[in-house]
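So you can see what is in the structure, the chains are spelled out below.
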Amino acid sequence: MGARFVHTFVRVKPTADFAQEMIKFGPDNKSIDIYIKKDARKGVVNNRQTDWSFRLDGVLHNTSQELAYETVAKKLVSEALIGYNGTIMCYGQTGAGKTYTMTGATAEYKHRGIIPRAIQQVFKAAAHSVDPFLTVRISYLEIYNETLFDLLATVASNGTSDMQMAVVDCPQGVYVKGLSVHAVSHEEDALNLLFEGETNRVITEHTLNKNSSRSHCIFTIYIESRFRVFSDGKCVNSKINLIDLAGSERLSKTGSEGQVLKEATYINKSLSFLEQIIVALADPKRDHIPFRQSKLTHVLKDSLGGNCNTVLVANICGEAVHVEETLSSLRFATRMKWITTEPVINETYDREGTVKALEKEILLLKQELARHNSLINRSLVTYDPLTNVQIAEIKSQVHKYLTGDIDEIDIVNIRQVQEVFKQFKLVVSQQEHEVESKLRSKYALIDKNDFVTIAALQKVKATFISEGIGNSLSVRDLVGILPSKSQGTVSTKDLDVKEGARNQDTASIDTEPDLPTSVCVFLAFPCSSPPSKLVAFEQFKEEGGSEINRIFKENKSILLARKRRSSAVAQRVNFIKREIESIRKTLEAQKQERWQQGEYVDDKGQIIIDEEEFLLIMKLKDLKEEYRSGYAELQDLKAEIQYCQHLVDQCRNKLISEFEIWYSESFLIPKDMQEALKPGGNIRPGMIPINRVMCLEEDEQERFERMQETTLPACPASVSFYKAKMKMDQKHTYTRTMSSLQQMRKKPGIVTAAGKNKPLSFLHVV
């Protein structure tokens, strides 16, 4: 690709107090001019500069998050998908909108920032990519007060979270030793990690910003592309560094003190070192670049002037009071623009795969030679690949062998053996396709999960029933002729069995009227009566009620686990109680014996006991402590069991009520009644015996899902974003609830009710 300059953009924070007289934008939105009036108080002779002009790659003013991403990041992410490293960095004063640009707001889908949109673009490309096959991994690093922290250390990882973190140089580039990297397979998983990391960031309030980031954060997306069609094991690796720098601060404006002052000092120091690196990189005469001055500059060594496409977004405020900080940010962006990078595609080849392929070839050649030596008296062995004529001859011999025309197939070498097996495989595959075509010519095969088609067939079924046609169909012809696509190809043996069954009833079939194949597919049971509730209930659990049934099973398994644990704890407590009673009797007997024989006392008048009695007293003390601990655990388990039992009953009742509604609407309610029951129909609530609202009161999650069902059709791509947001909100709710319960337990005189001590972390509330 050759050398490239760093792309720099300026994004102006929207504000009602925008200084229009001071800040002017060029007509092409690629330049920005700053004008400052001279201070008359400094006299006539005042040589201070009052106007500046900056030329950049783009100015983003009053732009949406979507347009900002299209301008800044979309091309960089696209190039990362083909093997180029990329870095996007947000720089500016505190409160200028860096975090909003990089992460966005989680409240609304349209306000998400560069990171969520980059994740979505990567996984969209992965979904449409067959070859190469993409593997995506995520890491999230925080640099707080010159100390490295893993923001995803709380997530289950490969054990690297306990290692001491350090920046390490290697031939492939710079990496952070001890930083956990998490593989993700869906957009929702990546967003969950992003939201998890965001909750672990250090944020403080000061005068200029209520949610000021007190650390530099680097969110990295690792992309690995493997080309499965190449035998050389080609692999392309790239990474996207998305950097949210902490904002520079003027202490005179923020009024920071204490810990906030210390944090501001570290932030300004690291940003100062970063600017020194930029100045050094822009100077072609500099031989040494001091990347090791700070953790931030060391981590960004590859992103600044290395093998990377780099983009800088300078976030500025438009108010006149912040003009000095705005000038500083624009100067930094101008210096950054003169830095050149040399991005290249990061290709590697799997040496292990190449070695295995060569070993396999050597083994094949050895087999060829051994075969040749054993058949030395036969025709000459050729070591070249088979020609088209030879392949056609083998194919002909295989067909003759299958039809019985010949008893043996002439085989001379290993390649011919492999070709014979290949031809056998082709014959079997052709037969399977013929069987499937034969079935499709007689039956209309539809997927059992295709609910739209099934609903249409239900209407056709009702029509034929009303005309008196459906009742003439026999059960033998209708049962079992609807295999799903997931079941694969039907074997010839199964087809013969069905054909035999059909031939036995040829006479009765001929007398029946001709029906469309789709009707035969749908009517899998006699039309005169609906299926039994037992059969229908199993069908409902596999289809419409699968989610409720899954939650019911999970809660039931949790309940059984808690009961088993409670039983074990109860047995242990009872055993300890018996031990305590036994030791008490022993001590009482020894005390009685000592009293009869006379007690020994020391100079202070205290009774002297022997070692055995002392050990028994100590053991009794330990057993009492263990008994109290076990009893407390038993009480907690009883409260959990009570709550679990409540959830199981709740799930069972919901499952049954939903089944009753489904069964009634599917098989019992007449067609005209079904039309009237739809929203906007003629029947008002209370006029029919079947209540359509036979469900429990909705909780927050159900209301959230119902809301998404109405809003998502306009933007289907937001499903992963809202699901990840919902999980984050649920985790925060659980954390706050458990914290409140712990505080209540610590307060004297307050006892938590059994029903309120809910194991929210492992139960699904329906």
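Procedures and definitions
Residue numbers restart at each chain and count upward from 1, following the sequence in its written direction. Since the coordinates come from a predicted model, pLDDT governs what is reported: local features require at least 70, and pairs of side-chain atoms require 80 or more to be given and counted, while whole-chain, interface and lining totals use all residues. Hydrogens and waters are ignored; side-chain quantities use all the structure's heavy atoms. UniProt positions are given in the numbering used here, feature names are shortened, and annotations may be inferred rather than shown by experiment. Helix numbers and strand numbers start at the N terminus; a helix is a DSSP run of H or I with at least 4 residues, a strand a run of E with at least 2. Only protein chains enter the accessibility calculation, which uses a 1.4 Å probe; a residue whose area is less than 20% of its type maximum is buried, one above 50% is exposed, and one in between is partly exposed. Two residues form a contact once any of their heavy atoms are found within 4.5 Å. Note that accessible areas follow from Shrake-Rupley with a 1.4 Å probe, and for residues the cover is restricted to the protein chains shown. Note on pairing: DSSP must find at least two bridges between two strands before they are called paired. Angles here are taken between N-to-C directions and fall from 0 to 180 degrees, while the axes themselves are lines fitted to C-alpha atoms, restricted in helices to the stretch in contact. Each patch is built from residues that are more than 30% exposed by relative accessible area and take part in no salt bridge. Like charges join if they lie within 9 Å; nonpolar side chains (Val, Leu, Ile, Met, Phe, Trp, Tyr) join within 5 Å. Salt bridges are identified by distance alone: a Lys or Arg side-chain nitrogen within 4 Å of an Asp or Glu carboxyl oxygen. For the purpose of charge, His is not counted, nor are the chain termini; Lys and Arg are scored as positive and Asp and Glu as negative. For this purpose, a charge sits on NZ of Lys, CZ of Arg, CG of Asp or CD of Glu. Any pair of nitrogen or oxygen atoms within 3.5 Å is treated as a polar contact; in protein, a donor-acceptor pairing is required on top of that, and neighbouring residues in sequence qualify only through side-chain atoms on both sides. Side-chain rings of Phe, Tyr and Trp, where Trp is taken by its six-membered ring, are said to pair if the distance between their centres is within 6.5 Å; with planes under 30 degrees apart they count as stacked, over 60 as edge-to-face, and otherwise as tilted. Residues belong to one nonpolar core when they are buried, are Ala, Val, Leu, Ile, Met, Phe, Trp, Tyr or Cys, and are joined through side-chain atoms within 4.5 Å. Crossing handedness: left-handed means the near helix sits turned counterclockwise from the far one by under a right angle, and right-handed means the same turn made clockwise. Under the scheme applied here, ten amino acids are nonpolar (Ala, Val, Leu, Ile, Met, Phe, Trp, Tyr, Cys and Pro), four are charged (Asp, Glu, Lys and Arg), and all others, including Gly, are polar. Summary of the metric used: pLDDT quantifies the predictor's per-residue confidence within the range 0 to 100.

- You'll find the protein entered in an unreviewed UniProt entry as Kinesin-like protein, with Calidris pygmaea given as the organism.
- In its Sequence similarities (unreviewed entry) section, the UniProt record describing the protein reads: "Belongs to the TRAFAC class myosin-kinesin ATPase superfamily. Kinesin family."
- Under Subcellular location (unreviewed entry), UniProt gives the following word-for-word description of the protein: "Cytoplasm, Cytoskeleton".

### Let's talk about the overall build of the protein
Then step 1. Regarding its fold elements, the protein presents 23 helices and 21 strands.
Then step 2. Residues classed as buried in the protein amount to 39% of the 766 residues present.
Then step 3. Sequence separation of 24 or more characterises 74% of the internal contacts of the protein that already satisfy a separation of 6 or more.
Then step 4. Total accessible area computed for the protein in this model is approximately 44,800 Å², and 54% of it derives from carbon and sulfur atoms.

### With respect to the sheet that holds strand 5 (residues 51-55)
Then step 1. Sheet architecture is open: three strands sit in the order 3-4-5, paired in antiparallel fashion. Two strands lie at the open edges of the sheet, namely strand 3 (23-25) and strand 5, each paired on one side alone. Ignoring which end each strand starts from, the neighbouring axes of this sheet average 15 degrees apart.
Then step 2. With five bridges connecting them, strand 4 (residues 31-35) and strand 5 associate as antiparallel partners. The residue bridging Ile 32 from the neighbouring strand is Phe 54, located in strand 5.

### Some details on a nonpolar patch on the surface
Then step 1. On the surface, Ile 607, Ile 609, Phe 614, Leu 615, Ile 617 and Met 618 cluster together into a nonpolar patch covering about 510 Å² of accessible area.
Then step 2. Here the nonpolar patch gets four residues from one element, more than from any other, and that element is helix 20 (residues 611-668).
Then step 3. In this fold, Met 618 is placed in helix 20.

### Details of the environment of Val 569
Then step 1. With respect to the element layout, Val 569 can be found in helix 19 (residues 546-597).
Then step 2. Residue classification places Val 569 among the buried positions, given a relative accessible area of 6%.
Then step 3. Separated by 64 residues in the primary sequence, Val 569 and Glu 633 place their C-alpha atoms 7.7 Å from one another.
Then step 4. If we ignore the near neighbours within four places in the chain, the residues touching Val 569 are Gly 630, Glu 633, Leu 634 and Leu 637.

### As for a negative patch on the surface
Then step 1. A grouping of Glu 393, Asp 407, Glu 408 and Asp 410 is seen on the molecular surface, where their side chains present a negatively charged patch.
Then step 2. Mapped onto the fold, Glu 393 is located in helix 11 (residues 388-403).
Then step 3. Taking relative accessible area as the criterion, Glu 393 reaches 45% and is therefore assigned partly exposed.

### Focus on the environment of Asn 62
Then step 1. Assignment of secondary structure puts Asn 62 in the loop between strand 6 (58-61) and helix 1 (65-72).
Then step 2. As for Asn 62 and Lys 13, which are separated by 49 residues in sequence, their C-alpha atoms are 7.7 Å apart.
Then step 3. At 3.3 Å, the side chain of Asn 62 forms a polar contact with the side chain of His 61.

### Here's the deal with the packing of aromatic side chains
Then step 1. In the structure shown here, the tally under the stated rule is 14 aromatic pairs.
Then step 2. Look at Tyr 140 and Phe 219: their rings are 5.1 Å apart centre to centre, the planes differ by 90 degrees, and that puts the pair in the edge-to-face class. Of this pair, Tyr 140 sits in strand 8 (residues 133-144) while Phe 219 sits in strand 15 (residues 216-226), placing them 79 residues apart in sequence.
Then step 3. Classification of Tyr 140 by relative accessible area gives buried; the value is 2%.
Then step 4. Judged by relative accessible area, which is 0%, Phe 219 ranks as buried.
Then step 5. Plain terms: the ring middles of Phe 659 and Tyr 663 are 5.7 Å apart, the flat faces sit at 40 degrees to each other, and that makes the pair tilted. Linking Phe 659 with Tyr 663, this pair stays in helix 20, spanning four residues, or about one helical turn.
Then step 6. Judged by relative accessible area, Phe 659 falls into the buried class, the value being 5%.
Then step 7. Clustering of aromatic rings is evident, with ring pairs tying together Phe 537, Phe 540, Phe 659, Trp 662 and Tyr 663.

### Here's the deal with the pattern of salt bridges
Then step 1. Within the structure shown, the criterion is met by 21 salt bridges.
Then step 2. One salt bridge connects Glu 554 with Arg 550, and the closest N-O pair in it is separated by 2.6 Å. Remark: Arg 550 and Glu 554 occur in helix 19; sequence separation between them is four residues, near one turn of the helix.
Then step 3. With a relative accessible area of 26%, Glu 554 lands in the partly exposed category.
Then step 4. Where salt bridges share partners, they join Asp 169, Arg 292 and Lys 301 into one cluster.

### Considerations on the nonpolar core
Then step 1. Core analysis: the largest hydrophobic core is formed by 46 residues, its most contacted members being Ile 34, Leu 304 and Met 336.
Then step 2. Of all hydrophobic cores here, the second largest spans 44 residues; its members include Ala 80, Ile 88, Leu 193 and Tyr 722.

### Focus: the packing of helix 7 (residues 259-282) against helix 9 (residues 323-337)
Then step 1. Between helix 7 and helix 9, the least distance of the axes is 9 Å, while the angle of their chain directions is 35 degrees. Pair helix 7 / helix 9 crosses with left-handed handedness. Where helix 7 abuts helix 9, its residues Leu 274, Glu 275, Ile 278, Val 279 and Ala 282 lie against Phe 332, Arg 335 and Met 336.
Then step 2. When its residues are assigned to classes, the contact of helix 7 with helix 9 shows six nonpolar, no polar and two charged.

### Thoughts on the confidence of the model for the protein
Then step 1. Model confidence for the protein is summarised by a mean pLDDT of 76, while 71% of its residues fall at 70 or above.
Then step 2. Counting contacts from residues 747-766, a segment whose pLDDT is below 50, to residues more than four positions away or on other chains yields 45 contacts.

### Let's talk about the side chain of Gln 423
Then step 1. Inspection of the secondary structure assignment puts Gln 423 in helix 12 (residues 414-442).
Then step 2. Taking relative accessible area as the criterion, Gln 423 reaches 7% and is therefore assigned buried.
Then step 3. The residues touching Gln 423, leaving out its near neighbours within four places in the chain, are Ile 391, Ile 394, Lys 395 and Val 398.

### Things to note about the pairing of strand 15
Then step 1. Burial analysis of strand 15 places eight of its 11 residues in the buried class, the great majority of the element.
Then step 2. Where strand 8 and strand 15 come together, 11 bridges link them in antiparallel fashion. Along strand 15, the bridge assignment pairs Tyr 140 with Phe 219.

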